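# Chains, contacts and geometry: an overview
Residue-level listing of the chains:
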Amino acid sequence: MEMIAILGSQGLWEAVLRIATPLIFGTLGALLCERAGVLNLGIEGIMAFGALIGWLAVFNGTGLWTGLLVAALSGAVFGLLHAVLTVPLGLSQHVTGLGITLFASSLAYFIFRLSVPLAASPPTVRPFQPVELGLIGDIPFLGPVLSSQTAPTYLAFAIALVLMYVLFRTPLGLAIRMTGENPHAAEAQGVNPVRVRFACIMVGSAMMAMGGAFLTLSAFNSFFPTMIQGRGWVCIALVVFASWRPGWALTGALLFALVDAYQLRLQSVLEDSIPYQLFLMAPYIAAIAVLAVTARRARVPQALMKPYRRGER
Amino acid sequence: MSQTVALRLSGITRRFGETLANDDISLSLERGEVLALLGENGAGKTTLMSILFGHYSADAGTVEIEGRKLRPGNPRAAIKAGIGMVHQHFSLAENLTVLENVMTGTERLWLPRSRTAAARRKLLDLAERFGLRVEPDRRLGDLSVGEQQRVEILKALYNDARILILDEPTAVLTPPEARQLYQILRGMARKGLSLIFISHKLHEVMEAADRVVVLRRGRVVAERRPAQTSKDELAELMVGRRITRPVRAQATPGEMVIEARNVSVRRRDAIGLRDVSFTLRAGETLGIVGVSGNGQSALGQVMSGVLAPSAGELIILGRRITRADVPAQVRAGVGRIAEDRNHEGVVGELTLWENVTLERIGLRRFSRFGVIDRGAARAWTQEVIDAFDVRGGGPDHRTQLLSGGNVQKLILGRNLLAMPRVLIAAQPTRGLDEGAIAAIHSRLLEARAAGTAVLLISEDLDEVINLADRICAIVSGQLSPEIRAEDADARRLGLMMAGDWGMEGAQNAV
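Within each chain, residues carry numbers counting from 1 in the order of the written sequence. The lettering of chains begins at A and the numbering of ligands begins at 1, in the order of writing. This being a predicted model, a pLDDT of at least 70 is required before a residue's local features are given, and a value of 80 or more before pairs of side-chain atoms are given or counted; all residues contribute to the totals for chains, interfaces and linings. For side-chain calculations, the full set of non-hydrogen atoms in the structure is used, while hydrogens and water are omitted.

## Focus: the interface of chain A and chain B
What makes two residues a contact is simply this: any of their non-hydrogen atoms within 4.5 Å. Each side of the interface is counted separately: chain A has 23 residues, and chain B has 30 residues. Summed over both partners, buried area is the accessible surface (1.4 Å probe) that two parts give up on being assembled. Carbon and sulfur atoms supply 55% of the area that chain A and chain B bury against each other, a total of about 2300 Å² over both sides. Counted as salt bridges are all cases of a side-chain nitrogen of Lys or Arg within 4 Å of a carboxyl oxygen of Asp or Glu. At the junction of chain A with chain B, the criterion picks out one salt bridge. Measuring nitrogen to oxygen at the nearest pair gives 2.9 Å for the salt bridge that ties Glu100 of chain B to Arg177 of chain A. For this analysis, a polar contact is any N or O atom pair within 3.5 Å, provided that within protein one partner can donate a hydrogen and the other can accept it, and provided that sequence-adjacent residues contribute only side-chain to side-chain pairs. Inspection of the region where chain A meets chain B yields eleven residue pairs in polar contact (both at pLDDT 80 or more). Sorting the residues of the side of chain A that touches chain B by element identifies α7 (151–169), α8 (171–181) and α9 (183–188) of chain A as the ones contributing at least two each. By definition, any uninterrupted DSSP run of H or I lasting at least four residues is a helix, any uninterrupted run of E lasting at least two residues is a strand, and each is numbered from the N terminus. Counting residues per element, the side of chain A that touches chain B draws most heavily on α8 of chain A, at seven residues. In this count, Pro and Cys sit with the nonpolar residues alongside Ala, Val, Leu, Ile, Met, Phe, Trp and Tyr, while Asp, Glu, Lys and Arg are called charged and the others, Gly among them, polar. Considered class by class, the residues forming the side of chain A that touches chain B number eleven nonpolar, five polar and seven charged.

Below is the structure:
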């Protein structure tokens, strides 16, 4: 009985939106890269670095939005690195991405250690505060759930809508999709696939880093090295689940967050009968199960992971 | 005068390293004309068209469009000047719609919204005007190859092309589809477009062109009007010597080697086989014609042991085939020419001797206790090279250095020198030039005369008519009733390939 009651609790749905936000940022970022034909496994590290650098900026006195911007820029820089290695040099996108993940997470930890002295409890910043919604806040149930969210969560939803519009309603979006499907055809029609890929990887990586920064600037208020906890990998899976569609990416992130938030609450209800580690596994098992069903019908961008070289077919 | 010349190439020369791909080529294209550029593989046709379209720039020479010089080496400039290119391998994206494929790159990139409605109207107008029916919102990957080609042509027209270049446009089409394409092309010419199509097929040049320019080894060797020439003359001009494809002699078939009764093969991602029945005897050739993608791959693979039949009874050389077992097929004496020679036939990175001996490397001849006897392997490879006139490398060269024709001779050699009792030949001459085709054909006929049963799967109707004793068409994984080669002609086979199996109807239909 209590298991169902949880679903009706306000706290659960507040948590869902909070947990989903970094996943939305990350998934949309990865989706944009892949729509242009490049897999970006640097996501896990880029999120970690974004989490650190955004937090560090705020810790050193900048505003929260500036911190988020700094994180985005750092993401774009790692994106540039990934783009240089995978687009003109045509290196393996798997290896490059994993390399960037290792590099960026280690660098994040290194910078953290250099700039913050060892302490029993890590230093904190004052994070984003919930947005006042006025009348909307008075709507029963939905009002309080929304009122507890911070501005970056709304930004994530807005980015999803913008990305949907850009990809499917503008010439730029068509150029991006054509580049991910057949860069040779794009080139023959006067689109420069190299430029498109650079731009998408950089913007996508910036989104990933903002997802990381959300953790240190909104969900929590301090940085610790293990805080990404595989969220980047979940995003990569969500892109496939979403069949490379931003709307589905949003839905997927929310579903995953729901399972995660639910299992957290279930733990406290059932902790005597079932070991909590099993609950921790639940969202990931759910993700794999869903992938097993959906991935087969997914329409993969045809040029994904294929380096583009002019004049070669 | 200059008004009617749409395009003029003067003195185009292009060198790749040692080879002169284009040697001082000059030609002109009139407005409203269909010009065929005829030549073998490697004659320089594609290089010439790539220069014209700006993919390469020429070392010397100029391109003039409607009297104005074209900036070399720039596809954008070529598109703007009104040149449209229809590539042999389409430049399209399967996951996008027809309209999206056509629209890509036609609008300013930063426009806040695509003008889809206007684009759709323009596309439908063009489709109407030139008789190229399309549905703008279909996903491209769901269209047939012929329809995809229409989209490719429309894409060029959408960019306001006045000069259209088509690179081997019928390579992927069925004969009826090809005929329809010629009609469309002729109609486009009547409406004032100028067209060049590249081809190495004589009959289509004769049928579709106003004028034929023959290229050989990078030079223009002749120019003819179809009415004033013949296929034989064009063939000779193209190859530089007289080449005649050999034709089978009468023979008496021997014992039964393949019996297929209601064989089905299920495949998830492609057409399989449905209830296929046929027999094949020693010293006999059964030809299977069909438009590519109708189950030929499945047929070739189940006969070679790559796939297992999912239903029905298949007996090859007295053995019932129930599971996929390639080595067993090879041991039993089944030779195989795989459909895609570069992916299934040879491993390009390996040497010739490795490729020649790979499927028999376990034999005592080539290895002892798991160690390869390289001397024996090389000697055998040299034998194949000598006997089958493989040019371009010795046993220790990497196989990818060979041309397509020589790779095919190598594959044929490694099979035939082992005296197979059955030979599964899937598309044995696809993409080869006339000289190589003639060589392969004589080998296949020799094998047949020596008692090998040949299953010939091919899209080349002349090839099948010349080599096979009996012919079936394969359509959607099913075999048509068979006819004797004596009764076959291109039109009848074309109808069979289109699924019209009413054999009397074939006589009257267009």
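## Regarding the domain arrangement of chain B
Residues and elements named next belong to chain B. As used throughout, domain bounds are those supplied by an automatic or database domain assignment. Partitioning chain B into structural domains gives domain 1 (5–239) and domain 2 (256–333 + 420–497). Spacing between the C-alpha centres of domain 1 and domain 2 amounts to 34 Å. Counting from both sides, the interface comprises nine residues of domain 1 and, opposite them, ten residues of domain 2. Broken down residue by residue, the surface that domain 1 buries against domain 2 is led by Glu40, Asn41 and Pro175, which jointly contribute 44%. Scanning the region where domain 1 abuts domain 2 turns up zero salt bridges.

## Thoughts on helix α9 (residues 296–304) of chain B
Counting along an α-helix, one turn takes 3.6 residues, and residues three or four places apart therefore face a common direction. Residue and element names in this part refer to chain B. Any residue under 20% of the maximum accessible area for its type is buried, any over 50% is exposed, and the rest in between are partly exposed; the area is computed with a 1.4 Å probe on protein chains only. Most of α9 is tucked away, with eight of its nine residues classed as buried. Every buried residue belonging to α9 is among Gln296, Ala298, Leu299, Gly300, Gln301, Val302, Met303 and Ser304, and all of these are buried. After α9 finishes, the residue Gly305 shows a positive phi value of roughly 90 degrees.

## So, the UniProt feature "transmembrane region" (unreviewed entry) in chain A
All names here are of chain A. The UniProt record marks residues 12–32, 38–58, 65–85, 91–112, 154–176, 196–220, 232–256 and 276–295 with the feature "transmembrane region" (unreviewed entry), using the residue numbering of this structure. The distance separating the terminal C-alpha atoms of residues 232–256 is 13 Å; by composition the span is 84% helix and 0% strand. Between the C-alpha atoms that bound residues 276–295 there is a distance of 29 Å. The span itself is 95% helix and 0% strand. UniProt positions are given in the numbering used here, feature names are shortened, and annotations may be inferred rather than shown by experiment.

## Thoughts on the state of the cysteines
Only a pair of cysteine sulfur atoms within 2.5 Å qualifies as a disulfide here. Scanning the entire structure with this criterion turns up zero disulfides over all chains. This cysteine, Cys200 of chain A, is not joined by any disulfide, and Cys33 of chain A carries the nearest cysteine sulfur, 7.4 Å off.

## Focus: the packing of aromatic side chains
Stacked, edge-to-face and tilted are the three classes for Phe, Tyr and Trp ring pairs, Trp counted by its six-membered ring, which pair at centre distances within 6.5 Å; planes under 30 degrees apart are stacked, over 60 edge-to-face, the rest tilted. All told, the structure shown has eleven aromatic pairs over all chains when counted by the stated rule. Each ring, one from Phe256 of chain A and one from Tyr284 of chain A, has its centre 5.7 Å from the other, and the planes form 70 degrees; the classification is edge-to-face. Taken together, the residues span a long stretch of sequence, with Phe256 of chain A in helix α12 (residues 246–270) and Tyr284 of chain A in helix α13 (residues 276–294) at a distance of 28 residues. Note on Phe16 of chain B and Tyr56 of chain B: the rings are 5.5 Å apart at their centroids and 75 degrees apart in plane angle, and the pair reads as edge-to-face. With Phe16 of chain B in strand β1 (residues 5–16) and Tyr56 of chain B in the loop between α1 (45–53) and β4 (60–65), this pair connects stretches of sequence that are 40 residues apart. Note on Tyr56 of chain B: relative accessible area 33%, which makes it partly exposed. Here a set of aromatic residues connected by ring pairs shows up, and it is made of Trp55, Phe59, Phe112 and Phe223 of chain A.

## Comments concerning the sheet that holds β4 of chain B
Residues and elements named next belong to chain B. Here a strand pair is declared whenever DSSP counts at least two bridges between the two strands. Pairing in this open sheet of four strands is antiparallel, and the strands run β2-β1-β4-β5 from one edge to the other. Pairing within the sheet leaves two strands with one partner each, and these edge strands are β2 (19–30) and β5 (68–69). Orientation is described by lines fitted to C-alpha atoms, with helices fitted over the stretch in contact, and by angles between N-to-C directions that extend from 0 to 180 degrees. Against the sheet, α1 contacts β1, β2 and β4, and its axis sits at roughly 115 degrees relative to β1.

## Quick notes on the sheet that holds strand β11 (residues 256–265) of chain B
Residues and elements named next belong to chain B. Spatial ordering of the open sheet is given by β12-β11-β14-β15, a layout of four strands whose pairing is antiparallel. Lying at the two open borders of the sheet, with one neighbouring strand each, are β12 (273–281) and β15 (319–320). Running over the sheet, α9 touches β11, β12 and β14 (311–316) and is turned about 55 degrees from β12.

## Describing helix α8 (residues 231–239) of chain B
All names here are of chain B. For α8, the full list of buried residues reads Leu234, Ala235, Leu237, Met238 and Val239. Close packing links the buried residues of α8 with β3 (34–38), α7 (202–208), β9 (211–216), β10 (219–224) and α15 (434–449). Downstream of α8 by one or two residues, Gly240 has phi in the positive range, about 95 degrees.

## Remarks on the pattern of salt bridges
All names here are of chain B. The tally for this structure, following the rule as stated, stands at 33 salt bridges over all chains. Among the ionic pairs, Glu459 bridges to Arg430, the shortest N-O distance being 2.8 Å. Here Glu459, found in the loop between β20 (453–458) and α16 (461–467), pairs with Arg430, found in the loop between β19 (422–426) and α15; they are 29 residues apart in sequence, far enough to count as distant. On the basis of relative accessibility, which here comes to 25%, the residue Glu459 falls in the partly exposed class. Given the relative accessible area of 36%, Arg430 is considered partly exposed.

## As for the UniProt feature "domain: ABC transporter" (unreviewed entry) in chain B
Residues and elements named next belong to chain B. If you check UniProt for "domain: ABC transporter" (unreviewed entry), the listed places come out as residues 7–242 and 258–501 in our numbering. Overall, residues 7–242 shows 35% helix and 26% strand. The separation of its end C-alpha atoms is 33 Å. A helix fraction of 35% and a strand fraction of 24% characterise residues 258–501, whose end C-alpha atoms lie 24 Å from each other.

## Observations regarding the packing of helix α4 (residues 64–86) of chain A against helix α5 (residues 93–115) of chain A
Residue and element names in this part refer to chain A. At a closest axis distance of 10 Å, the pairing of α4 and α5 adopts a crossing angle of 150 degrees. Between α4 and α5, the angle falls in the class roughly antiparallel. The handedness of the crossing between α4 and α5 is right-handed. Of α5, the residues touching α4 (which contributes Phe78, Leu81, His82, Leu85 and Thr86) are Gln93, Thr96, Gly97, Ile100, Phe103, Ala104 and Leu107. A per-class count over the contact of α4 with α5 returns seven nonpolar, five polar and no charged. Angle categories are assigned with fixed cut-offs, so that under 35 degrees is roughly parallel, over 145 is roughly antiparallel, 65 to 115 is roughly perpendicular, and the rest are oblique. Left-handed is the label given to a crossing in which the near helix is rotated counterclockwise from the far helix by less than a right angle, and right-handed is the label when the rotation is clockwise.

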